[in-house]
There are 2 protein chains.
Amino acid sequence: MASSNDSEVRNRSRRGSGRPTLADVAGLAGVGSITVSRALRDPERVSPELRQRIAAAVNELGYVPNPSARALASARADVIGVLVPSLTNNVFSEVLRGIHDGLGNCPLQIQFGNTHYSDEEEERLLRVFLGQRPSALIVSGIDQGPTTRQMLQEAGCPVVQIMEIGPDPVDMMIGFSHLEAGKVVARHLIDVGCKRIGFLGARMDPRSRRRLAGYEAVMREAERFDVALVTTTISPSSVSMGVSLFHKALEKTPDLDGVICNNDDLALGVLFACHRAGLKVPAQISIAGFNDLEMMEVASPSITSVRTPRYEIGQRAIAMARAAIDGERPRRAVVDLGFELKIRESTMRAAVPAF
Amino acid sequence: MASSNDSEVRNRSRRGSGRPTLADVAGLAGVGSITVSRALRDPERVSPELRQRIAAAVNELGYVPNPSARALASARADVIGVLVPSLTNNVFSEVLRGIHDGLGNCPLQIQFGNTHYSDEEEERLLRVFLGQRPSALIVSGIDQGPTTRQMLQEAGCPVVQIMEIGPDPVDMMIGFSHLEAGKVVARHLIDVGCKRIGFLGARMDPRSRRRLAGYEAVMREAERFDVALVTTTISPSSVSMGVSLFHKALEKTPDLDGVICNNDDLALGVLFACHRAGLKVPAQISIAGFNDLEMMEVASPSITSVRTPRYEIGQRAIAMARAAIDGERPRRAVVDLGFELKIRESTMRAAVPAF
DNA sequence: TTGTAAGCGTTATCAC
DNA sequence: GTGATAACGCTTACAA
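What you see is a predicted model, and the numbers here were worked out from it, not measured in a lab.

What counts as what
- Residues numbered from 1 in each chain as written.
- Chains lettered and ligands numbered in written order.
- Predicted model: local features only at pLDDT ≥ 70, side-chain atom pairs only at ≥ 80, totals over all residues.
- Heavy atoms only, no water.
- Contact = heavy atoms within 4.5 Å.
- Buried area = accessible area lost by both parts, 1.4 Å probe.
- Salt bridge = Lys/Arg side-chain N within 4 Å of Asp/Glu carboxyl O.
- Polar contact = N/O pair within 3.5 Å; in protein donor to acceptor, adjacent residues only side chain to side chain.
- Nonpolar A, V, L, I, M, F, W, Y, C, P; charged D, E, K, R; others polar.
- Pairing = 2+ DSSP bridges.
- Helix = DSSP H or I, 4+ residues; strand = E, 2+ residues; numbered from the N terminus.
- Axes fitted to C-alpha atoms, helices over the stretch in contact; angles between N-to-C directions.
- Patch = residues over 30% accessible without salt bridge, like charges linked within 9 Å, V, L, I, M, F, W, Y side chains within 5 Å.
- Areas by Shrake-Rupley, 256 points an atom, 1.4 Å probe, with all protein chains shown as cover.
- Lys, Arg positive; Asp, Glu negative; His and termini not counted.
- Charge placed at Lys NZ, Arg CZ, Asp CG, Glu CD.
- Least-squares fit on C-alpha atoms with pLDDT ≥ 70 in both.
- Buried < 20%, exposed > 50% of the residue type's maximum accessible area, 1.4 Å probe, protein only.
- Domains from an automatic or database assignment.
- Parallel < 35°, antiparallel > 145°, perpendicular 65-115°, else oblique.
- Left-handed = near helix turned anticlockwise from the far one by under 90°.
- Phe/Tyr/Trp six-rings, centres within 6.5 Å; stacked < 30°, edge-to-face > 60°.
- Lys NZ or Arg CZ within 6 Å of the ring centre and 35° of its normal.

Draft legend 1. Seen up close, the interface of chain A and chain B. Tallying the contact residues gives 50 residues for chain A and 49 residues for chain B. Summing both sides of the interface, chain A and chain B together bury roughly 4,300 Å²; the carbon and sulfur share of this comes to 56%. Its largest share of buried area at the contact with chain B, chain A owes to Arg 133, Phe 272 and Arg 276 of chain A, together 14% of the area lost on that side. Along the contact surface separating chain A from chain B lie two salt bridges. In this structure, Arg 276 of chain B engages Glu 345 of chain A in a salt bridge whose closest nitrogen and oxygen atoms are separated by 3.0 Å. Seen at the junction of chain A and chain B, the total is 16 residue pairs in polar contact (both at pLDDT 80 or more). Residues of the side of chain A that touches chain B, tallied by class, amount to 24 nonpolar, 17 polar and nine charged.

So this is what it looks like as structure tokens:
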């Protein structure tokens, strides 16, 4: 009998879930429970023979490890906390999909939090997450408030900021430059000969504002900027919001011949509004969106948009986090995944000479 | 000194996270740690005076409870496991949003799993979730495999099946009848005078199939059913898939004058395809979708669809789970949230006499 | 109402 | 390579 008193102790116990424990497996396999623990976590460190006996016992008992006990004993949970600002926005559903897929079948769990674009909520959720001693944290954006930022810095685990890049990462960053993206779209509309290029934006979170800043910079440089061309709202983005923003814009600037939308929902709304109003796209007005949702390519006309690497951001954020957890730590790494302007029918008109 | 040796023990400790514990709070407040535990979980059971001293100590120390320790000691985690088949599909993002919002700020955590429409994956994830001893489980659909169903039955916690209703709930159910929804749309297109009504479907998960069955039943009853009218694929749904399914359907049945789409993505694709082909909607062809995404109402023409209570399903599923956790158990409850046909321009043509 | 004692199931530590 | 022992931080059971 190699068995210690592990299992006897268990028999006397008054509480418990009734499910098999490490000690039960150990008893059945005739080894100490710590050996079972090792065999499960790092099989290399246990002799092949015991390894097999243990595997058999695990199978017979249908043993499933208790993650709470593991977390308590090791002072760290196999959980990655993920904070996103929205679940409605399909941009973030694709990020989440990338995160899930990036996980593969490694034994890490994802814990989501929806901040609803609120700094206070982000701080609150972070506090909750930190209470679990997560293995890593993934947060959206680079504009955390001072308290949140400090909490992240003192989190004691890898932190990945996603969606955007900037000069001063808490730890790691992965995304692209929204300012540049805004510039590229604006330049494109100027190149195809648009004179009065409007900007439509909803939500206007920090990333939206930076895309707007890119637009404004290019427009000023071309001496075409006009505040009346910018129409925004802090309300959430939607296709119908695209319709109403477009109507507002037309009221202010009836001579509009190009519209840059802060995302594809708005662009689709503008397209529908043009259909209804009998405006020819792109002959009378050009439309550009942002994110390049799948539908942009098959819309009629197809809509120019900026392809953003949403899925990749999620997937690689997890990869970076896992690498950091495993000790391969290129800390303070900033990864620029770039973006790609997809030029489509909605902006394909012959360039018009400047005068 | 009311303090026991709690804190002294802690000082000798060799492990630990360095973060304040219940015992530290107890020491500072001059009470036993169990009193702090009670004060935190059920303030009513502690005298106002101690309650206040404890609150002060918690604040001073910045104490955050350790959920692993709690879960281990109480043999149950404050976690609700949620299994959905997809994160891409915006139907489920709205369910998730409802779930999050239904939670409010109660101290329950959500653990998501994405089954990717796979029974095996569902079973695997369920096994993982069960290992955490969740407080409740929410699963999508009513077609779990036998193993999964048995695991759910033996889970020992409330189980809510969502999205659909059926005769034999594991525990609780909330959703609506997809068969009826399919029937209602088919009847509507017949009512507006369509003769050759096609059905377009992607993914074809069990709910899709039941909507198709509803369509087929009504079409047979009207003696208009024709297998050539049904065009489906097991590939995921998308707007571009709507375009290609529509092309396929037109090849088989060029006399198509109505299209019922299994969801709104497909319907949007059909609308775009009609635009490109110069087909007038609804004059030459009627289009109906499913789910009533926000964009259906502002599309041009606006698209008839079936409004489904996705957000409500999520929200009420959580409410039901919470009620059951709290012991108010109307077990084996089936809640039918219904649906609503939204008739819009895409099917608004004068009814044509039968001959 | 409050406290004591004894676990919950696992892992870190150190000895063999 | 393997094991006994003592935590990990909290809650249940029972006593006062």
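There is more to say after this.
Draft legend 2. View of the sheet that holds strand 7 (residues 230-232) of chain B. All names here are of chain B. With parallel pairing, the four strands of this open sheet are ordered in space as 7-6-8-9. Looking at the sheet topology across the chains shown, the edges are occupied by strand 7 and strand 9 (286-288). With direction set aside, neighbouring strand axes in the sheet form an average angle of 15 degrees. Looking at chain direction, strand 6 (residues 197-201) and strand 7 are connected through three bridges and run parallel. Along strand 7, the bridge assignment pairs Phe 199 with Val 230.

Draft legend 3. Spotlight on a positive patch on the surface. A surface patch of like charges, here positive, comprises Arg 38, Arg 41, Arg 45 and Arg 70 of chain B. Within the secondary structure, Arg 41 of chain B sits in helix 3 (residues 33-41).

Draft legend 4. View of the relation of the copies chain A and chain B. Superposing chain A onto chain B takes a rotation of 180 degrees plus a shift of 0.1 Å along the axis, which leaves an RMSD of 0.1 Å. The two molecules are tied by a two-fold rotation axis, judged by turn and shift. Looking at the rotation axis and the C-alpha trace of chain A, the residue lying nearest is Ser 68 of chain A, at 2.3 Å. Comparing interface residues between copies, 98% of those in chain A also sit at the interface in chain B, which points to an isologous, same-surface contact.

Draft legend 5. Quick look at the pattern of salt bridges. Residue and element names in this part refer to chain A. By the definition in use, this model includes 37 salt bridges over all chains. A salt bridge links Glu 216 to Arg 220; the nearest nitrogen and oxygen atoms lie 2.8 Å apart. Of this pair, Glu 216 and Arg 220 are both found in helix 10 (residues 206-221), four residues apart, which corresponds to roughly one turn of the helix. Accessibility expressed as a relative area gives 25% for Glu 216, which makes it partly exposed.

Draft legend 6. Structural detail: the pairing of strand 5 (residues 172-176) of chain B. Residue and element names in this part refer to chain B. Taking burial as the measure, the five residues of strand 5 include five buried ones, the bulk of the element. The two faces of strand 5 match: Met 172, Ile 174 and Phe 176 on one face and Met 173 and Gly 175 on the other face are all buried. Strand direction decides the pairing type here: strand 5 and strand 11 (residues 334-336), joined by three bridges, are parallel. Residue pairing across strands places Gly 175 opposite Asp 336, the latter belonging to strand 11.

Draft legend 7. Broad picture of the domain arrangement of chain A. Annotation of chain A at the domain level lists domain 1 (4-72), domain 2 (77-176 + 310-338) and domain 3 (178-307). Using C-alpha coordinates to define each centre, domain 1 of chain A is positioned 34 Å away from domain 2 of chain A.

Draft legend 8. Here's a closer look at the environment of Leu 87 of chain B. Among the secondary structure elements, Leu 87 of chain B is positioned in the loop between strand 1 (79-84) and helix 6 (90-103). A relative accessible area of 8% means that Leu 87 of chain B is categorised as buried. Leu 87 of chain B sits 26 residues away from Gly 113 of chain B along the chain, and the two C-alpha atoms are 9.5 Å apart. Once you skip the residues sitting within four places of it in the chain, Leu 87 of chain B turns out to touch Ser 93, Leu 96, Arg 97 and His 100 of chain A together with Leu 96 and Asn 114 of chain B.

Draft legend 9. Structural detail: the packing of helix 7 (residues 119-131) of chain B against helix 8 (residues 146-153) of chain B. All names here are of chain B. Between helix 7 and helix 8, whose axes approach to 9 Å, the crossing angle comes to 20 degrees. The pairing of helix 7 with helix 8 is recorded here as roughly parallel in orientation. Here the hand of the crossing between helix 7 and helix 8 comes out left-handed. Residues Asp 119, Glu 122, Glu 123, Leu 126, Arg 127 and Leu 130 of helix 7 form the contact with helix 8, whose participating residues are Thr 147, Thr 148, Met 151 and Leu 152. Taken together, the residues of the contact of helix 7 with helix 8 sort by class into four nonpolar, two polar and four charged.

Draft legend 10. Representation of the packing of aromatic side chains within the structure. What the rule picks out here adds up to 10 aromatic pairs over all chains. For the ring pair Phe 112 of chain A and Phe 112 of chain B, a centre distance of 5.8 Å and an interplane angle of 55 degrees mean the geometry is tilted. Taken together, the residues span two chains, with Phe 112 of chain A in strand 2 (residues 109-114) and Phe 112 of chain B in strand 2 (residues 109-114). Pairing Tyr 215 of chain A with Phe 225 of chain A gives two aromatic rings, centres 6.4 Å apart and planes at 70 degrees, and the pair type is edge-to-face. Here Tyr 215 of chain A is found in helix 10, whereas its partner Phe 225 of chain A is found in the loop between helix 10 and strand 7 (230-232), with 10 residues between them in sequence. Taken together, the aromatic side chains of Phe 176, Phe 290 and Phe 339 of chain A make up a single cluster linked through ring pairs. The ring of Phe 290 of chain A carries the charged tip of Arg 211 of chain A above its face, separated from the ring centre by 4.0 Å.

Draft legend 11. Focus on the sheet that holds strand 6 (residues 197-201) of chain A. Residue and element names in this part refer to chain A. Read from one edge to the other, the open sheet built from four strands follows the order 7-6-8-9, with strand pairing classed as parallel. Of all strands in the sheet, those with a lone pairing partner are strand 7 and strand 9 (286-288), marking the two edges. Along the sheet, successive strands turn relative to each other by an average axial angle of 15 degrees, direction set aside. The strands touched by helix 11 (residues 239-252) within the sheet are strand 6, strand 7 and strand 8 (258-261), with strand 7 carrying the most contacts at an inclination of about 145 degrees. Its contacts with the sheet put helix 12 (residues 264-277) on strand 6, strand 8 and strand 9, and the angle it makes with strand 9 is roughly 160 degrees.

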